[in-house]
Amino acid sequence: MKRITKILLCVLCAVAAVLCVAAACFMLLKKQSGTTANSAASGASVSTYGKVSDFDYASFDYSEGLDDNGHWTGIRALDYVTLPEDVSALPLSKADIEPTEAEIQTQIDTLLNQYATTQNITDRAAQSGDTVNIDYSGAVNGVAFTGGTATGYDLTLGSHTFIDGFEDQIVGHMPGESFDVTVTFPEDYGNEDLNGKEAVFKTTLNYIKESKNPDLTDDWVASNLGETMNLNPIDELNDFVKNTMLYDQQASTVYSALHDKVSFAKELPQSVLDYYRDVVLYRVYSYAKNYGTTMTTLLKSGVLGTSYDSIDAYLEDIQGSLNTITEQALLMQAIAEKQGLVCDTALMNQDFGKFYGTTDPSAYISSYGENYIKMNVLQSEVMQGLIDNVKY
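Within every chain, residues take consecutive numbers counted from 1 along the sequence as written. Under the rules for a predicted model, residues below a pLDDT of 70 receive no local features and side-chain atom pairs below 80 are neither given nor counted, while totals for whole chains, interfaces and linings still include all residues. Derived side-chain values reflect all non-hydrogen atoms in the structure, with water molecules and hydrogen atoms excluded from consideration.

Asks: Would you mind going over the overall build of the chain with me for this structure?
Replies: Counting its regular elements, the chain contains twelve helices and seven strands. Sorting the 392 residues of the chain into buried and exposed places 44% on the buried side. The contact definition used throughout considers only heavy atoms, calling two residues in contact when any of these lie within 4.5 Å. Contacts in the chain between residues at least 24 apart in sequence constitute 76% of all its contacts with a sequence separation of at least 6. Accessible surface for the chain amounts to roughly 19,000 Å². Of this, 47% is attributable to carbon and sulfur atoms. A helix here means a DSSP run of H or I that spans at least four residues, while a strand means a run of E at least two residues long, and both kinds are numbered starting from the N terminus. Only protein chains enter the calculation, and the probe is 1.4 Å; a residue is then buried if its accessible area is under 20% of its type maximum, exposed if over 50%, and partly exposed in between. Using the Shrake-Rupley algorithm and a 1.4 Å probe, accessible areas are obtained, with residue cover drawn only from the displayed protein chains.

Following this line, the structure appears as structure tokens:
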């Protein structure tokens, strides 16, 4: 559980989290009718960035375009951002950002859940809300179809991950039972061979998965968090969580209030816009590659909450988010420029542990490059300075 200080990455992290759902079987994902981007895409499938096929996102480098001080290469952010005279004079109330005890406990429960152990239950019937492990093989008119078969698949009943009726027909069955699940694909499912067709899935319920969180004790905290986060008794964990949540809420609130007081140039630097365009495309590309599918298939499946006809339609839809991310990056650098702040290697090594929950940056540098880490540490330092000096 790292200290979440990188506001710049909030949108990108959300995209990454959603994309993890791509491990599900694409052929059985419920068609997101009513939330598709088809109508929008039909009129304009190419964004103002151009066509996706023109971009070299597959070889994206997170540190490309960033200099040795954590700034954008060749870009003076103050040319694009007009800051208020006093960036600490913000209309904030400290009482509005204090985390409640219930919120702190929820965060601790979330942490414990990461260390949960899984038990395979076989002595009761499946219920809505259970995660079950199943094998299934689907056929239309007795003929199997591509994507309709899986072994050892984990499915949460009631999640509406699969097409209507599939999950409901598993409820009430006992582990070890084999049975037929009969469903009808939507007319607009997106596959001419399956649209409106009835399919029968021969299904076996292997077991029900239940997770159990560990008991929170001083010994558990010391054993699991002592070495990596220097936390030992429960009180230290509670204080850490409270301070982390306070920081995150302060950061979000301070940034929003500051954003409302600044103005941005009508045209933002294209190189930064292109950078975040490639970040998002690279993430989609990587997830599709990891799960053995194409970007188009991934986007059509609706795992992003919206189904897209093409990669270009997806890019068109996220342009507003890319603009927002670019503004965030420029605003943080503009404040750094105004205050004369840079992040060299020495500062990165010195302050890395404050913001990442570990004092060793080598794994992060290996994945993202040193200059990218410098940019994030610099932005974290800027935000910490804003929080420390804001006039409540």
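Next comes the rest of the write-up.
Asks: Honestly, the packing of helix H3 (residues 101–113) against helix H5 (residues 234–259) in this entry has me stumped. Any pointers?
Replies: The description of two helices packed together rests on the angle between their axes and the distance between the axes. Axes here mean lines fitted to C-alpha atoms, for a helix over just the part in contact, with angles spanning 0 to 180 degrees between N-to-C directions. The contact between H3 and H5 brings their axes to 10 Å, and the two run at 110°. Judged on the interaxial angle alone, H5 and H3 are roughly perpendicular. Note on packing geometry: the crossing formed by H3 with H5 is right-handed. Side by side, H3 and H5 meet where Glu103, Ile104, Gln107, Ile108 and Leu111 of the first sit next to Leu237, Asn238, Val241, Lys242, Met245 and Gln249 of the second. Class assignment of the residues belonging to the contact of H3 with H5 gives a composition of six nonpolar, three polar and two charged. To sort the angles, those under 35 degrees are grouped as roughly parallel, those over 145 as roughly antiparallel, those from 65 to 115 as roughly perpendicular, and the leftovers as oblique. Left-handed describes a crossing whose near helix is turned anticlockwise from the far helix by less than a right angle; the clockwise case is right-handed. Gly is placed with the polar residues, together with every amino acid not listed as nonpolar (Ala, Val, Leu, Ile, Met, Phe, Trp, Tyr, Cys and Pro) or charged (Asp, Glu, Lys and Arg).

Asks: Explain empty space enclosed by the protein here, please?
Replies: The method is simple in principle: a probe with the dimensions of a water molecule rolls over the atoms, and the space it marks as empty is what remains. Lining residues are defined by having an atom within 4 Å of a point belonging to a cavity or pocket. Those points lie on a 1 Å grid over the protein atoms alone, cavities being sets where a 1.4 Å probe fits but cannot get out and pockets being open sets with protein on both sides within 12 Å along at least five of seven lines. Grid points are joined across faces, edges and corners, and a volume is the space filled by probe spheres set on the points. For the structure on display, the rule yields two cavities of 30 Å³ or more. Volume-wise, the second largest cavity comes out at about 50 Å³. Looking at the second largest cavity, the residues that line it are Gly70, His71, Trp72, Ala329, Met332, Gln333, Met375, Leu378, Gln379 and Val382. Among the elements that line the lining of the second largest cavity, the one with the most residues is helix H12 (residues 370–389), at four residues.

Asks: I keep staring at the nonpolar core and nothing clicks. Help me out?
Replies: Nonpolar side chains in soluble globular proteins tend to end up buried together. Membership of the largest hydrophobic core comes to 66 residues, with the highest contact counts inside it found for Trp72, Tyr275, Tyr276, Leu331, Met383 and Leu386. Those elements that provide at least two residues to this core are H5, helix H6 (270–290), helix H7 (295–300), helix H8 (311–317), helix H9 (319–339), helix H10 (345–356) and H12. Leave out the neighbours within four places in its chain, and tyrosine 275 touches Phe60, Asp61, Tyr62, Glu64, Leu66, Trp72 and Tyr372. Nonpolar core, defined: a set of buried Ala, Val, Leu, Ile, Met, Phe, Trp, Tyr and Cys residues in which side-chain atoms within 4.5 Å join the residues together. Formed by 25 residues, the second largest nonpolar core is a distinct cluster that contains Tyr153, Phe166, Leu205 and Ile208.

Asks: What am I meant to see in the packing of H10 against H12 here?
Replies: The geometry of H10 relative to H12 is characterised by a closest axis approach of 9 Å and an angle of 65° between their N-to-C directions. In this structure, the crossing between H10 and H12 has a hand that is left-handed. Together, Thr345, Met348, Asp351, Phe352, Lys354, Phe355 and Tyr356 of H10 and Glu370, Ile373, Lys374, Asn376, Val377, Ser380 and Glu381 of H12 make up the contact between the two elements. Considered class by class, the residues forming the contact of H10 with H12 number six nonpolar, three polar and five charged.

Asks: Help me out: how do you make sense of the environment of leucine 299 in this one?
Replies: In this fold, leucine 299 is placed in helix H7. The buried category is assigned to leucine 299, whose relative accessible area is 0%. Taking the C-alpha atoms as reference, leucine 299 lies 7.6 Å from tyrosine 314; in sequence the two are 15 residues apart. With residues up to four places along the chain from it excluded, the contact list for leucine 299 reads Val284, Leu304, Thr306, Ser307, Tyr308, Ser310, Ile311 and Tyr314.

Asks: Looking at this structure, I do not really get H9. What am I missing?
Replies: The periodicity of an α-helix, 3.6 residues per turn, causes residues three or four positions apart to be oriented the same way. Relative to the 30 Å expected for 21 residues at 1.5 Å per residue, H9 spans 31 Å between its end C-alpha atoms, a close match to the ideal helical length. Positive phi shows up at glycine 340, right after H9, with a value of about 70°. Given the number of residues in a helix, its expected span is that number minus one, multiplied by 1.5 Å.

Asks: Sorry if this is basic, but what is going on with the pairing of strand E4 (residues 143–156) here?
Replies: Within a regular strand, side chains alternate between the sheet's two faces. Strands pair, by our definition, only if DSSP identifies at least two bridges between them. The sheet contact formed by strand E3 (residues 131–140) and E4 spans eight bridges and is antiparallel. Of the residues in E4, the one forming a bridge with tyrosine 136 is alanine 150. The antiparallel pairing of E3 with E4 creates a hairpin that spans two residues between the two strands, and asparagine 141 there sits at a positive phi of about 55°.

Asks: Would you mind going over the packing of aromatic side chains with me for this structure?
Replies: For any pair of aromatic rings, the description rests on two quantities: the centre-to-centre distance and the angle between the ring planes. When two rings of Phe, Tyr or Trp (its six-membered ring) have centres within 6.5 Å they constitute a pair, described as stacked for plane angles under 30 degrees, edge-to-face for angles over 60, and tilted for the intermediate range. For the structure shown, the criterion picks out 25 aromatic pairs. Members of the aromatic cluster, joined through ring pairs, are Phe60, Tyr62, Trp72, Tyr275, Tyr276, Tyr282, Tyr368 and Tyr372. Above the face of the phenylalanine 55 ring, arginine 277 is positioned so that its terminal group lies 3.5 Å from the ring centre. In this scheme, Lys NZ or Arg CZ marks a charge over a ring once it lies within 6 Å of the ring centre and within 35 degrees of the ring normal.

Asks: So what exactly am I meant to see when it comes to a negative patch on the surface here?
Replies: Only residues whose relative accessible area exceeds 30% and that form no salt bridge are eligible for patches; like-charged ones are grouped when within 9 Å, while nonpolar side chains (Val, Leu, Ile, Met, Phe, Trp, Tyr) are grouped when within 5 Å. Salt bridges are defined by distance alone: a side-chain nitrogen of Lys or Arg within 4 Å of a carboxyl oxygen of Asp or Glu. Neither His nor the chain termini are counted; the positive set is Lys and Arg, and the negative set is Asp and Glu. In plain terms, the charge of a residue is placed at NZ if it is Lys, CZ if Arg, CG if Asp and CD if Glu. Residues Asp218, Asp219, Asp235, Glu236 and Asp239 make up a contiguous surface patch of negative charge. Those elements that provide at least two residues to the negative patch are helix H4 (218–229) and H5. In terms of residues, the negative patch owes the most to one element, H5, which gives three residues. Here aspartate 218 lies in helix H4.

Asks: How should I be thinking about the side chain of glutamate 327 in this particular structure?
Replies: Within the secondary structure, glutamate 327 is located in helix H9. In this structure, glutamate 327 is buried with no salt-bridge partner, the nearest side chain bearing the opposite charge being lysine 266 at 13 Å. Ignoring any residue separated from it by four or fewer positions in sequence, one finds glutamate 327 in contact with Tyr255, His259, Phe264 and Leu268.

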